[in-house]
Amino acid sequence: MFKKQLFLLFFTFFTLYLTPCYAENNAEELNISQEEIAKLEQDAEQGNVIAQYSLGNLYYVGNDVVQNYQKAFEWYEKAAEQGLASAQFNLGNMYRKGQGVDQDYQKAFAWYEKAAKQGLSQAQYSLGVIFYYGQVDLQDFQKAFEWYKKAAEQGLVEAQSILGFMYEEGQGVKKNYQKAFEWYSKAVEHGNAQVQYRLGGMYVDGKGVKQNYQKAYEWYTKAAKQGLAEAQYNLGVMYENGYAVKQNYQKAFEWYEKAAQQGFAHAQFNLGGLYDKGLGVKQDYQKAVEWYKKAAEQGDFYAQYNLGNMYVKGNGVQKNYQKAFEWYEKSAEQGNVLAQFNLGFLYYNGNGVKQDYHKAYKWFIMAEKQGSASAQINLGIMYAKGQGVRQDFKIAKEWFGKACDNGDQGGCDMYAKLNSQGY
């Protein structure tokens, strides 16, 4: 007899999403009169570096003059050539963005480097970004770390947070959770949601600090209230499982929903699970299918698997083995052992696909390699019956024995039966 494993899985997911983020131009609105602008222009023409830089800011921001990136570039360039670090940095930004000049990462790098060597933290940070993402030459985490560290030591929050991440992940430096925790703690004083989230993760895992779910809950809450989907999701996990708080499915639902509405696939999956089981919300299979599908379309293989289950059982959708097959296949190809088993089951019975014992065998083998006792039993049955393989009761007995060793009583019974028959 074949056994389908249809179950709902909830899991905890911690991650940090990094995207290139540069410091912006050091340009402020000055709110000055036309007479003062004329005086600035006069001084700038005579080589006054501060006047040149100020005119660059005026034209860059478009305050009291018509915004003009080309003129901003020209005045920044004059000030930069006189060695003014802020102008060099702003010139680097304009080359990087292609504002008032053709985009040129090499020239951006050159101007950032000039400013960075003068100790300007924003330029040091921007060099770190370039090396981290390999935007000029080959990616170099070690050089990125060196420049981020210079900026971080001057108190630049963005650099402190990235430095914490690099220590945590061992990028460009030996992995050191304690150092990561220290840098995150410096950066978090400024209220950065992503850093709050990372600190929460360190308290959950006990990395660089003693494990403390209560502290994790506090940091996740701070980040979640700022709208960070990952933190909202993890708060949902904590409420669902009763970590540091009393188990509360309704609260879990509320936080999953906030994250799910931002498109966070894992939250969409868990929200579907709550609708599926009627936990914290009235059971609604159609809603469950809707949220599973959103997550599945983003490639979440647990959601793909559960969506397959819904089509097998006809919950929230019309029963459809072909649709079930399609979703199981997507999940199985990503390595989900349960989907691999169910895909084999569909091939074995010819549900939603042409019956094919050889393909059934292939998927059962893949599931077995991940320890699936049900797949081991089915492999035993196929050898006992000679389905897709040469009939061999001794090999069948071996598979039943493996299933028995994995705690499956059905495997034990079949092993005992073949043993009594002399195999």
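Here the structure is shown first, and the text comes after it.
Because the structure is predicted, anything quoted here is derived from the model rather than measured.

Novice: Please explain the pattern of salt bridges as it appears in this structure.
Specialist: One side chain can pair with another of opposite charge once the charged atoms of both are near each other. Throughout the structure, instances matching the rule amount to seven salt bridges. The partner of Glu168 in a salt bridge is Arg198, and the shortest N-O contact between them spans 2.6 Å. Remark: Arg198 occurs in helix α10 (residues 193–205) and Glu168 occurs in helix α8 (residues 157–169); sequence separation between them is 30 residues. Judged by relative accessible area, which is 6%, Glu168 ranks as buried. When salt bridges with common partners are traced through the structure, they connect Glu168, Glu169 and Arg198 into a single cluster.

Novice: Looking at this structure, how should I read helix α7 (residues 141–153)?
Specialist: Taking 1.5 Å as the rise per residue, α7 with 13 residues should run 18 Å; its terminal C-alpha atoms sit 18 Å apart, in good agreement. Buried residues along α7 sit against α5 (105–117), α6 (121–133), α8 and α9 (177–187). The distance from a side-chain oxygen at the start of α7 to the backbone nitrogen of Gln142 is 3.1 Å, and the residue carrying that oxygen is Asp140. Gly155 occupies a position one or two residues after α7 and carries a positive phi of about 95 degrees.

Novice: In this structure, what is going on with the side chain of Gln124? I would like to understand it.
Specialist: Secondary-structure assignment places Gln124 in helix α6. Residue classification places Gln124 among the buried residues on the basis of a relative accessible area of 4%. One polar contact links the side chain of Gln124 to the main-chain amide nitrogen of Ala151, over a distance of 3.4 Å. Ignoring sequence-local partners within four residues, the contact set of Gln124 consists of Ala116, Gly119, Trp147, Tyr148, Lys150, Ala151 and Gln154.

Cut-offs and rules
Residues numbered from 1 in each chain as written. Predicted model: local features only at pLDDT ≥ 70, side-chain atom pairs only at ≥ 80, totals over all residues. Heavy atoms only, no water. Salt bridge = Lys/Arg side-chain N within 4 Å of Asp/Glu carboxyl O. Helix = DSSP H or I, 4+ residues; strand = E, 2+ residues; numbered from the N terminus. Buried < 20%, exposed > 50% of the residue type's maximum accessible area, 1.4 Å probe, protein only. Expected span 1.5 Å × (residues − 1). Contact = heavy atoms within 4.5 Å. Polar contact = N/O pair within 3.5 Å; in protein donor to acceptor, adjacent residues only side chain to side chain.

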